[in-house]
Amino acid sequence: MNSHTFEIAGNRLEALPSGALWWPDQRLLAVADLHLGKAERLARQGGSLLPPYETIETLDRLEAELSAFAPRSVVLVGDSFDDLGAADALPEDIADRLARMAAGRRWIWIAGNHDPGPVDLPGTYLAEHRLEGLVFRHIADPGRAPDVSGHFHPKARLWLRGQSIRRPCFLIDENHVILPAFGTYTGGLRIDDPAFDRIVAQDAVAVLTGKRAIALPRTAAMA
């Protein structure tokens, strides 16, 4: 298989090459940090002008995972929109597309620091989602583990044939799963950043995304 299977809180989960998380027993798919509408938000605030295609590309990749796994539930683990203005400014065809994607399944929007308020789209808006001993929240809480989170956009480095390759990655230990950013134009934070030391153990596993999920010890992926 191209995914990386692991256990947390007695549940078997799969880190997918795309950066999505799959929970087979619950038929649940989770993604974090789509940051839909980032190009629109930057243009609105007078920042860098980026091609306005990142939302379509992100939704294309998400829709591919929905087609592949047919989940009963989808959890979007915060910062689904680059800000609430971006959510309000979604073109009608994009809003309609999200509605079609949500139809027939439970669709949960988790509050993020970029999108802290409810959005006018189909689905349920929650601060956290609890299921079978796991909590889905946007920012990991070391004092309230185990949890599945996003926010930090972790990135790791892999040496391949003498070349350094940087990829978004999952960070996984016995108490936390930090998802990579699923959205286009999202950037990332190196996993040797001290911010991660306050959350995951030194022996955490980094699972790099790409054509297949590559699992490495966090310390090896920091080299």
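Within any chain, residue numbers begin from 1 and follow the written order of that chain's sequence. A pLDDT threshold of at least 70 governs which residues receive local features in this predicted model, and a stricter bar of 80 or more applies before side-chain atom pairs are shown or counted, although totals over entire chains, interfaces and linings include all residues. To obtain the side-chain values, all non-hydrogen atoms of the structure were included, while hydrogens and water were left out.

## Describing helix α4 (residues 92-102)
Burial classes: relative accessible area under 20% of the type maximum marks a residue as buried, over 50% as exposed, and values in between as partly exposed (1.4 Å probe, protein chains only). Helix and strand definitions here come from DSSP, where helices need a minimum of 4 consecutive H or I residues and strands a minimum of 2 consecutive E residues; each element is numbered from the N-terminal end. Those residues of α4 that fall on the buried side of the exposure criterion are Ile 94, Ala 95, Arg 97, Leu 98, Met 101 and Ala 102. Seen from one end, α4 has its buried residues packed into an arc of 160 degrees, which puts them on one side. Of the exposed residues in α4, the ones pointing more than 90 degrees away from its buried face are Glu 92, Asp 93 and Arg 100. Here a residue-residue contact requires only that any non-hydrogen atoms of the pair lie within 4.5 Å. On its buried face, α4 sits against α2 (54-69) and β6 (106-110). Regarding the arc, it is the one traced by the directions from the helix axis to the C-beta atoms.

## Description of the sheet that holds strand β2 (residues 11-15)
In this analysis, strands are considered paired if DSSP registers two or more bridges between them. Reading across the sheet, the 7 strands line up as β1-β2-β3-β4-β5-β6-β7 and stay open at both edges, with mixed pairing between neighbours. Each of the sheet's edge strands pairs with one partner strand only, and the pair in question is β1 (4-8) and β7 (124-126). Across the sheet, the mean angle from the axis of one strand to that of its neighbour is 25 degrees, orientation sign disregarded. Where β2 and strand β3 (residues 21-23) come together, 2 bridges link them in antiparallel fashion. Paired with Ala 15 across the two strands is Leu 21, which belongs to β3. Strands in contact with α2 are β3, β4 (28-31), β5 (73-76) and β6; relative to β4, the strand with the most contacts, it is inclined by about 165 degrees. Axis geometry follows a simple rule: fit a line to the C-alpha atoms, using only the stretch in contact for helices, then measure angles between N-to-C directions, giving values from 0 to 180 degrees.

## Quick notes on the side chain of Arg 97
Position of Arg 97 among the secondary structure elements: in helix α4. At a separation of 2.7 Å, a polar atom in the side chain of Arg 97 contacts the side chain of Glu 63. Not counting residues up to four positions away in its chain, the partners in contact with Arg 97 are Ile 56, Leu 59, Asp 60 and Glu 63. Think of a polar contact as two N or O atoms within 3.5 Å of one another; within protein, one of them needs to be a possible hydrogen donor and the other a possible acceptor, and neighboring residues in sequence only count if both atoms come from side chains.

## Brief notes about the pairing of β6
Taken across its 5 residues, β6 has 4 buried, putting it largely inside the fold. With 4 bridges joining them, β5 and β6 adopt parallel strand pairing. Within β6, the residue paired with Leu 76 across the bridge is Trp 109.

## As for unusual backbone geometry
Cis peptide bonds are those with omega within 30 degrees of zero, and the linkage from Ala 145 to Pro 146 qualifies with 0 degrees. Relative to the assigned elements, Pro 146 resides in the loop between β9 (134-136) and β10 (147-149). Look at Arg 27: it is not a glycine, yet its phi comes out positive at around 50 degrees. Looking at where Arg 27 falls in the secondary structure, it is placed in the loop between β3 and β4. Given a relative accessible area of 34%, Arg 27 falls into the partly exposed group. The phi dihedral of His 35 falls on the positive side, at around 50 degrees, and the residue is not glycine.

## Description of the packing of aromatic side chains
Centres within 6.5 Å are what make two rings of Phe, Tyr or Trp a pair, Trp counting through its six-membered ring; a difference in plane orientation under 30 degrees is then read as stacked, over 60 as edge-to-face, and the rest as tilted. Under the definition given, this model contains 5 aromatic pairs. Seen from their ring centres, Phe 81 and Trp 109 are 5.3 Å apart, and the 35 degrees between their planes marks the pair as tilted. Of this pair, Phe 81 sits in the loop between β5 and α3 (84-88) while Trp 109 sits in strand β6, and the two are 28 residues apart along the sequence. Ring plane angle 70 degrees and centroid distance 6.1 Å describe the contact between Trp 107 and Trp 109, whose orientation is recorded as edge-to-face. One aromatic cluster is present, built from ring pairs that chain together Phe 81, Trp 107 and Trp 109.

## A short note on the nonpolar core
For this analysis, a nonpolar core means a set of buried residues of the types Ala, Val, Leu, Ile, Met, Phe, Trp, Tyr and Cys, connected via side-chain atoms within 4.5 Å. Among the nonpolar cores identified, the biggest contains 25 residues, and Leu 62, Leu 76, Phe 81, Leu 98, Trp 107, Trp 109 and Leu 121 are the most heavily contacted of them. Per-element accounting of this core gives the leading share, 5 residues, to α4. The contact partners of Trp 109, leaving out residues within four places of it in the chain, are Leu 76, Ser 80, Phe 81, Leu 98, Val 119, Leu 121, Pro 122, Gly 123, Thr 124, Tyr 125 and Leu 126.

## Structural notes on the environment of Ile 110
Checked against the element boundaries, Ile 110 lands in strand β6. For Ile 110, a relative accessible area of 1% puts it in the buried group. Between the alpha carbons of Ile 110 and Glu 7 there is a distance of 23 Å; along the sequence they are 103 residues apart.

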